[in-house]
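Architecture and fold: a report
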Amino acid sequence: MSEGLSYDTTQKKALDVARTRLLVGGALMAAAFLVIGVRLVDVTVFGESGPSRQSIARNIATESQMDRADIVDRNGVLLATNLTTASLYGNPSRIFDPRAAARALVGVLPELSEAEVAAQLSTDREFIWLSRNLTPRQQYEVNRLGIPGFDFRSEQRRVYPLGRLTAHIVGFTSIDNDGLAGIEKSFDAALSERRAPVTLSIDIRVQQIMRRELAAQIVKFKAIGGSGVVLDVRTGEIVALVSLPDFDPNEAGEVPDDARFNRSTLGAYELGSIFKIFNHAIALETGAASLTSIYDARKPIRVARFRISDFHPENRWLTVPEIFMYSSNIGSAKMALDIGSVTQRKYMSDFGMLRRSSVELPEQARPMYPATWREINTMTIAYGHGIAVSPLHVATAAAAMVNGGILYPATLIRRGDSPAKGKRVISAQTSEKMRRLLRLVVKNGTGRNADAPGYVVGGKTGTAEKQVDGRYKSNALISSFVGVFPMTAPRYVVMTHLDEPKGIKESYGFATAGWTAAPVVGRVIAQIAPLFGIAPVDESAPDIRRILAINVAAPRTRGRGVATN
Amino acid sequence: MKRPAALILFALSIFAGGALFSVAFEVSELDDRLIALNEEITRDRDAIHVLRAEWSYLNQPERLESLSRRYLDLQPLKGSQFSEIAALPMRPLPGIVPAAAPPEEAAPAEPDTPIANAAQARPRVKPATPRRPSRYLLLASQPSPPRSAPSVKPATGMNASDTAALNASLRAIIGNGAREAGGMPR
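Please read all numbers here as calculations on a predicted model, not as lab measurements. (Residues numbered from 1 in each chain as written. Chains lettered and ligands numbered in written order. Predicted model: local features only at pLDDT ≥ 70, side-chain atom pairs only at ≥ 80, totals over all residues.)

With respect to the overall build of chain B
- From N to C terminus, chain B includes five helices and two strands.
- Long-range pairs, those at least 24 residues apart, make up 69% of the contacts in chain B with a sequence separation of at least 6. (Helix = DSSP H or I, 4+ residues; strand = E, 2+ residues; numbered from the N terminus. Contact = placed C-beta atoms within 7 Å.)

Here it is, written out as structure tokens:
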């Protein structure tokens with residue numbers, strides 16, 4: 001029994017071991033199948049759509065990758081985009097007869113030089129660009145030559161469908177799509193990284209109207225160039241920015257320097273009487289003068305070797321509104337003396353006149369102003385001489401003079417619902433007085449030609465002689481006009497300048513701003529106001545006249561507020 | 001007992017294998033289709049891109065201006081051509097003659113003035129202010145003398161329906177202009 005028992009026990013032991021092993025093995029297998037089953041359910045039932053959709057999306061994304069983002073205007077009109085083109089390269093190591101190959105290629109692409117191509121193909125390199133961005137027809141003809149060493153690589157070429165219209169704003173790129181000018185340069189990194197288009201604040205319809213009217217005036221007065229800016233006074237957004245002459249950015253390589261020069265932002269000019277806007281604003285803001293102050297403008301001022309005289313001399317005592325209306329240099333210089341050099345400099349700095357503009361263009365003028373701000377500088381700066389800024393500087397600051405006193409940095413990027421934060425530079429009361437003064441100039445003063453009936457235009461003329469080799473030339477003028485509309489509740493600043501206009505018969509030989517620049521502004525405003533949804537009003541209506549009423553005539557009590565220094 | 005089980009297992013495994021293969025083929029077919037579709041999408045996208053560039057090119061404002069000068073008789077709008085609805089005289093609905101209105105006012109406006117046509121193309125215009133009696137239907141008659149000339153003169157060779165269509169589109173332009181500059185449909 002004991003044997004049987006011992007036999008039994010050994011057998012039983014072996015069986016137990018086997019069973020345990022089986023159990024462990026079975027459990028492991030079951031666990032493995034369980035894992036597989038769970039994963040199967042997970043993948044088929046729950047995780048079905050996730051990965052497959054992702055892979056599709058990735059597929060499309062990689063295939064339609066673009067080299068550079070588009071640039072569009074505020075309404076989404078395409079200003080710059082990429083097109084895929086074929087570029088021809090040669091592999092000299094696979095070309096047996098470079099001369100014959102070169103001759104054949106030049107037969108198809110006549111703009112290449114045969115000797116040059118032959119020389120390039122005789123090297124022992126493996127890759128040589130022969131011609132970039134071919135048209136489909138050229139590509140077909142090169143293929144038809146059947147020379148094995150020629151091959152194509154598809155490239156993205158930057159194209160500007162609107163050509164000259166926005167050339168100075170958008171700029172252009174090199175053949176390798178690196179931004180070289182304009183928005184293409186200042187947003188180079190963003191454009192090459194992101195895929196969403198860059199939306200500018202420009203409206204091409206307004207841009208076109210500005211460009212057309214300016215170009216017509218340049219031809220009419222035989223000017224060498226000009227600029228035009230339309231700026232939203234409530235946001236600082238630039239709606240149009242024109243500089244003429246301009247160029248075709250699709251062929252930017254072969255353009256003369258003068259055409260590439262952006263007169264509206266890169267040009268720094270002494271803009272003349274336009275600065276009386278700022279002189280008057282400072283005087284009214286600081287209390288140095290009031291709208292009823294009067295100044296002696298009977299005879300020119302002599303300071304050192306300078307002589308300050310009036311272009312439209314009245315030869316009498318003038319009120320502050322009259323100084324503005326007749327654009328009296330004498331009166332403005334005397335007002336500036338009442339303001340004082342330190343105060344004038346501080347306000348000019350506040351108005352952004354002493355630093356580069358905030359606009360997103362690499363082509364930026366550095367303002368030129370006296371290092372030591374002497375009394376004579378103060379007097380000349382009052383009427384816009386001795387300080388040179390870009391037209392955009394003036395447009396930006398003029399917007400602050402009429403919008404209630406807030407200076408918004410000028411921008412080319414559409415802000416939409418989040419406008420840039422402005423900075424108060426003058427009080428709302430002063431701004432309100434400036435509106436009346438600006439309206440006065442267009443209604444009764446030097447800017448009558450800028451009027452656009454119904455749109456209550458206000459503005460100021462500026463005619464300055466150009467400095468050539470340190471001397472002022474009386475026959476080379478910068479004629480400018482800054483207009484604002486509607487003066488009852490200003491919405492847009494329209495600024496333009498003409499470079500060296502010549503007097504014609506129709507203007508009685510004058511090339512001054514009132515004859516050359518002001519009509520451009522008037523015509524532009526008449527055409528763009530409907531685009532902005534600004535309805536014309538009856539300018540003779542009593543409530544509008546009350547808003548803009550101003551007392552021009554000198555008060556009876558001469559002597560009050562008189563400044564004679 | 002054992003044989004049928006084995007048979008069933010065998011059959012099942014054959015079935016499973018067949019199903020696996022058919023699924024595999026289906027997947028590879030779908031994959032091919034996916035690739036083809038992706039290619040098509042890319043091609044279409046490129047084509048759209050080229051067409052957008054071409055659209056922008058063909059819509060160069062300068063080109064449109066020269067085309068408009070050649071084929072249309074449109075002029076830029078003048079301030080004097082705008083008026084408010086409230087400033088327009090009223091015409092009563094047919095059948096309702098207000099006692100105060102003299103018969104001359106009830107006469108229809110000249111048929112070939114564009115603003116009148118525009119108003120006819122839009123028969124139900126609500127009065128500008130709720131205070132005005134609703135039985136009046138607005139119909140523009142030219143408020144000012146010929147100085148505010150019609151913006152569309154019927155060009156030679158144009159018939160009346162052409163002029164009406166032009167005026168309708170002109171009205172659309174004016175209507176859009178009243179919105180924010182950024183909100184214009186393109």
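After that view of the structure, there is still more to cover.
Structural notes on the overall build of chain A
- Per the secondary structure count, chain A includes 19 helices and 16 strands.
- Burial status across chain A gives 46% buried among its 565 residues.
- Considering only contacts in chain A between residues 6 or more positions apart, those separated by 24 or more positions represent 71%. (Buried ≥ 20, exposed ≤ 12 C-beta atoms within 10 Å, placed from the backbone.)

Some remarks on the sheet that holds strand β16 (residues 492–499) of chain A
Residues and elements named next belong to chain A.
- With respect to topology, five strands assemble into an open sheet ordered β7-β6-β16-β15-β14, the strand pairing being antiparallel. For this open sheet the edge positions go to β7 (238–244) and β14 (458–468), each flanked by a neighbour on one side alone. Along the sheet, successive strands turn relative to each other by an average axial angle of 10°, direction set aside.
- Relative to the sheet, helix α17 (residues 428–444) contacts β14 and β15 (471–485), its axis offset from that of β14 by approximately 75°.
- Sheet strands in contact with helix α18 (residues 513–531) are β6 (225–232), β14, β15 and β16, and its direction is about 25° off that of β15. (Pairing = 2+ DSSP bridges. Axes fitted to C-alpha atoms, helices over the stretch in contact; angles between N-to-C directions.)

Quick notes on helix α15 (residues 375–382) of chain A
Residues and elements named next belong to chain A.
- Most of α15 is tucked away, with six of its eight residues classed as buried.
- Among the residues of α15, those classed as buried are Asn 377, Thr 378, Met 379, Thr 380, Ile 381 and Ala 382.
- Packed against the buried residues of α15 are α11 (276–286), β9 (301–303), β10 (306–308), α13 (329–339) and α14 (341–350).
- Immediately downstream of α15, the backbone of Gly 384 shows phi near 80°, a positive value.

Overview of the packing of α11 of chain A against α13 of chain A
Residues and elements named next belong to chain A.
- At a closest axis distance of 10 Å, the pairing of α11 and α13 adopts a crossing angle of 40°. If you check the angle between α11 and α13, you find them oblique. As for the relative orientation of α11 and α13, their crossing is left-handed in sense. Residues Lys 276, Asn 279, Ile 282, Ala 283 and Thr 286 of α11 form the contact with α13, whose own contacting residues are Ser 332, Met 335, Ala 336, Asp 338 and Ile 339.
- Classifying every residue of the contact of α11 with α13 gives five nonpolar, three polar and two charged. (Parallel < 35°, antiparallel > 145°, perpendicular 65-115°, else oblique. Left-handed = near helix turned anticlockwise from the far one by under 90°. Nonpolar A, V, L, I, M, F, W, Y, C, P; charged D, E, K, R; others polar.)

Quick notes on the confidence of the model for chain B
Residues and elements named next belong to chain B.
- Model confidence for chain B is summarised by a mean pLDDT of 66, while 51% of its residues fall at 70 or above.
- Ignoring residues within four places in sequence, the model shows residues 101–159, a span with pLDDT below 50, making 81 contacts including any to other chains.
- Ignoring residues within four places in sequence, the model shows residues 173–186, a span with pLDDT below 50, making 18 contacts including any to other chains.
- Note on the complex model: pTM 0.72, ipTM 0.70. (pLDDT = per-residue confidence, 0-100.)

Overview of unusual backbone geometry
All names here are of chain A.
- In this chain, Leu 244 is followed by Pro 245 through a cis amide linkage whose omega measures -5°.
- Of note, the amide linkage connecting Phe 485 to Pro 486 takes the cis form, showing an omega dihedral of -20°.
- Assignment of secondary structure puts Pro 486 in the loop between β15 and β16.
- Unusually for a residue other than glycine, Asn 315 sits at a positive phi of about 55°.
- As for its placement among the helices and strands, Asn 315 is situated in the loop between β10 and β11 (317–319).
- Since 11 C-beta atoms lie within 10 Å of it, Asn 315 is described here as exposed.

With respect to the nonpolar core
Residue and element names in this part refer to chain A.
- If you look at the biggest cluster of nonpolar residues, it comprises 130 residues, and the most contacted ones within it are Leu 79, Val 230, Leu 231, Ala 395, Ala 398, Val 493 and Ile 525.
- Per-element accounting of this core gives the leading share, eleven residues, to α18.
- Not counting residues within four places of it along the chain, the set of residues in contact with Ala 398 comprises Ile 277, Val 482, Val 484, Val 493 and Met 495. (Core = buried A, V, L, I, M, F, W, Y, C linked by C-beta atoms within 7 Å.)

Details of the packing of helix α3 (residues 98–108) of chain A against helix α4 (residues 114–121) of chain A
All names here are of chain A.
- Remark: α3 packs on α4, axes separated minimally by 8 Å, with the N-to-C direction vectors making an angle of 140°. Comparing their axes, α4 and α3 come out oblique. Regarding α3 and α4, the two cross each other, and that crossing is right-handed. Across the interface between the two elements, Pro 98, Arg 99, Ala 101, Ala 102, Arg 103, Leu 105 and Val 106 of α3 pack against Glu 114, Val 117, Ala 118 and Leu 121 of α4.

Remarks on α18 of chain A
- A rise of 1.5 Å per residue sets the reference length of α18 of chain A, with its 19 residues, at 27 Å; its end C-alpha atoms lie 26 Å apart and thus fit the reference within 8%.
- The largest bend in α18 of chain A is about 25°, located at Ile 525 of chain A. (Expected span 1.5 Å × (residues − 1). Bend = angle between axes of the 7 residues up to and from the residue.)

Concerning the pairing of strand β2 (residues 78–90) of chain A
Residues and elements named next belong to chain A.
- Of the strand pairs in this sheet, strand β1 (residues 71–72) and β2 are connected by two bridges, and their pairing is antiparallel. Note on β2: the bridge partner recorded for Ile 71 is Ala 80.
- Between the end of β1 and the start of β2, which pair antiparallel, lie five residues, with Gly 76 showing a positive phi angle near 85°.
- Where β2 and strand β4 (residues 150–159) come together, ten bridges link them in antiparallel fashion. Bridging from a neighbouring strand, Ala 86 pairs with Ser 154 of β4.
- With four bridges joining them, β2 and strand β3 (residues 128–134) adopt antiparallel strand pairing. Following the sheet pairing, Gly 90 is matched in β3 by Ile 128.

With respect to the environment of Ala 476 of chain A
All names here are of chain A.
- Mapped onto the elements, Ala 476 comes out in strand β15.
- Residues Ala 476 and Ala 223 lie 253 residues apart in sequence; the distance between their C-alpha atoms is 9.7 Å.
- When sequence neighbours within four positions are dropped, the list of residues in contact with Ala 476 reads Glu 465, Lys 466, Val 468 and Glu 500.

As for the confidence of the model for chain A
- On average, chain A scores 86 in pLDDT, and the residues at 70 or more come to 93%.
- Note that residues 557–565 of chain A has pLDDT below 50 and, in this model, 13 contacts with residues that lie over four places away or in other chains.

Quick word on the environment of Ile 550 of chain A
Residue and element names in this part refer to chain A.
- Considering the arrangement of structural elements, one finds Ile 550 in the segment after α19 (542–547).
- Overall, Ile 550 belongs to the partly exposed group, with 18 C-beta atoms counted inside 10 Å.
- Setting aside anything within four residues of it in sequence, one finds Ile 550 in contact with Pro 321, Arg 436, Leu 437 and Leu 440.

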